[in-house]
Protein chains: 2
Amino acid sequence: MINAALMDQIQQRLPASQNVSRFETHSAAMGIPTGVSNRHVHLSQADIEALFGQGYQLTPLKELRQPGQFAAKECVMVVGPKGSINKVRVLGPARPETQLEVSKADCYALGIKAPVRESGDLYQSADALLVGTAGHANLQSKVICAQRHIHMTPQDAQMLGVENGQKVRVSAGQQCGLVFEQVVVRVDSRYALEFHIDTDEANAAGIRNGEAVYIVE
Amino acid sequence: MINAALMDQIQQRLPASQNVSRFETHSAAMGIPTGVSNRHVHLSQADIEALFGQGYQLTPLKELRQPGQFAAKECVMVVGPKGSINKVRVLGPARPETQLEVSKADCYALGIKAPVRESGDLYQSADALLVGTAGHANLQSKVICAQRHIHMTPQDAQMLGVENGQKVRVSAGQQCGLVFEQVVVRVDSRYALEFHIDTDEANAAGIRNGEAVYIVE
């Protein structure tokens, strides 16, 4: 059920300038804030220790929009056969498995071919070397280009008329606007409503972090 | 009029693997080959001489799809307030006015804000410094992000049911497919049929040079 309290909740999550009018209750009119992901890495505790030293713990620098997730103070260098990228941000907390997420532009710079995948789907993905302050970690089949997706709660999903795993079309941007096809919906009560894309995709659409996008037919 | 000879002409312009079936004569089914533009610069003769020496002439390296245009042997370094990019290709022949075309990702790397514009529309565009083998050229209001567009002949336009200056929607890519909005149609008898986008846009759609895209409603 769409009700005023739920609509208020949704509105509070959007930047003030992009609030959805409380009079627009049709799902297609509900703005979803964009989260632009620059290249980043999730690390296992073993890899944290390999990179930064025995018993090392990540230092939270900034909370992310997704509850419990944070950008850490720590960065690593990513090295591929063709080039390297410095200061790649580590996101926390530690995960069971290390996963490096890059854009296609990064793949060209590094000289690797990372497949477009949902988070966690690492089978036959790409390789790279991470270098930290205390050592290195050789990632084998742990590098992907994250497939664009929308995080949302079950309430959001109900409001938007979509369900977990569904693929939807998302309209974004103005002057160089475009419609993203094949956007995966991921529903979990721990999520915050957010449309996740990488820097290539944000640049192509001419949109920035926090900008509202819309699910379209 | 759509006739067999015209359809054959169109087909000959497409890579073999992406040929449009000769039985598909509806305009929406006519594939348009993609041309992905990496960052590049068109130079005036004065700037060619400033960068490479008095009386210097560009050396053609490779013909481009657009008739008469070529990638030159020469490259320049582009310098902005935040960073520089080496080996930026010069395209020839010389033009009346210098124009540097970059992606948004390049803008971040250089520390400049180039507007999204049609080629030639340089009013209040961005600045950058070019460095060549014999000197430099200080570009003032000569840097843009090229707005995506389709080159075509009047015959192509007739076949596709569009006209010069019209903005159309273009469907591109598969796994990470998307629909580009606001694609400008540019009609001239000297053009070859080609959908021009930059590297950010190609990466976002997951498409490569030569891949077929389609105008959609």
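In the nomenclature of an unreviewed UniProt entry, chain A is known as Phosphate propanoyltransferase of Photobacterium jeanii. Recorded in UniProt for chain A, the comment headed Subcellular location (unreviewed entry) runs: "Bacterial microcompartment".

1. Details of the overall build of chain A
In terms of helices and strands, chain A carries five helices and 14 strands. Classification of the 217 residues of chain A by burial places 49% in the buried group. Counted over contacts in chain A with a minimum sequence separation of 6, partners at least 24 positions apart contribute 64%. Carbon and sulfur atoms make up 49% of the accessible area of chain A, which totals about 10,300 Å².

2. Here we look at the interface of chain B and chain A
Residue-level contacts link 21 residues of chain B with 21 residues of chain A. Summed over both sides, the interface of chain B with chain A buries roughly 1,900 Å², with 46% coming from carbon and sulfur. Of all residues in chain B, the largest losses of buried area upon contact with chain A belong to K104, Q175 and N203 of chain B, amounting jointly to 27% of the total for that side. For the pair chain B and chain A, the interface holds eleven residue pairs in polar contact (both at pLDDT 80 or more). Elements with a contribution of two residues or more to the side of chain B that touches chain A: helix 3 (104-110), strand 12 (178-187) and helix 5 (199-205) of chain B. No other element matches strand 12 of chain B, which puts five residues into the side of chain B that touches chain A. A per-class count over the side of chain B that touches chain A returns eight nonpolar, six polar and seven charged. As paired elements, strand 12 (residues 178-187) of chain A and strand 12 of chain B share three bridges and run antiparallel to each other.

3. Structural notes on the domain arrangement of chain A
Residues and elements named next belong to chain A. The assigned domain composition of chain A is domain 1 (29-35 + 148-216) and domain 2 (38-146). Look at where the C-alpha atoms of domain 1 and domain 2 centre, and you get two points 24 Å apart. Taken together, the 14 residues of domain 1 in the interface contact ten residues of domain 2. Carbon and sulfur atoms supply 45% of the area that domain 1 and domain 2 bury against each other, a total of about 970 Å² over both sides. For the pair domain 1 and domain 2, the number of links is six residue pairs in polar contact (both at pLDDT 80 or more). Looking at the side of domain 1 that touches domain 2, the elements that each hand over two or more residues are strand 12, strand 13 (194-198) and helix 5 (199-205). In terms of residue count, strand 13 provides more of the side of domain 1 that touches domain 2 than any other element does, three residues in total. Of the residues in the side of domain 1 that touches domain 2, the class split is five nonpolar, three polar and six charged.

Cut-offs used in this document
- Residues numbered from 1 in each chain as written.
- Chains lettered and ligands numbered in written order.
- Predicted model: local features only at pLDDT ≥ 70, side-chain atom pairs only at ≥ 80, totals over all residues.
- Heavy atoms only, no water.
- UniProt positions renumbered as here; feature names shortened; annotations may be inferred.
- Helix = DSSP H or I, 4+ residues; strand = E, 2+ residues; numbered from the N terminus.
- Buried < 20%, exposed > 50% of the residue type's maximum accessible area, 1.4 Å probe, protein only.
- Contact = heavy atoms within 4.5 Å.
- Areas by Shrake-Rupley, 256 points an atom, 1.4 Å probe, with all protein chains shown as cover.
- Buried area = accessible area lost by both parts, 1.4 Å probe.
- Polar contact = N/O pair within 3.5 Å; in protein donor to acceptor, adjacent residues only side chain to side chain.
- Nonpolar A, V, L, I, M, F, W, Y, C, P; charged D, E, K, R; others polar.
- Pairing = 2+ DSSP bridges.
- Domains from an automatic or database assignment.

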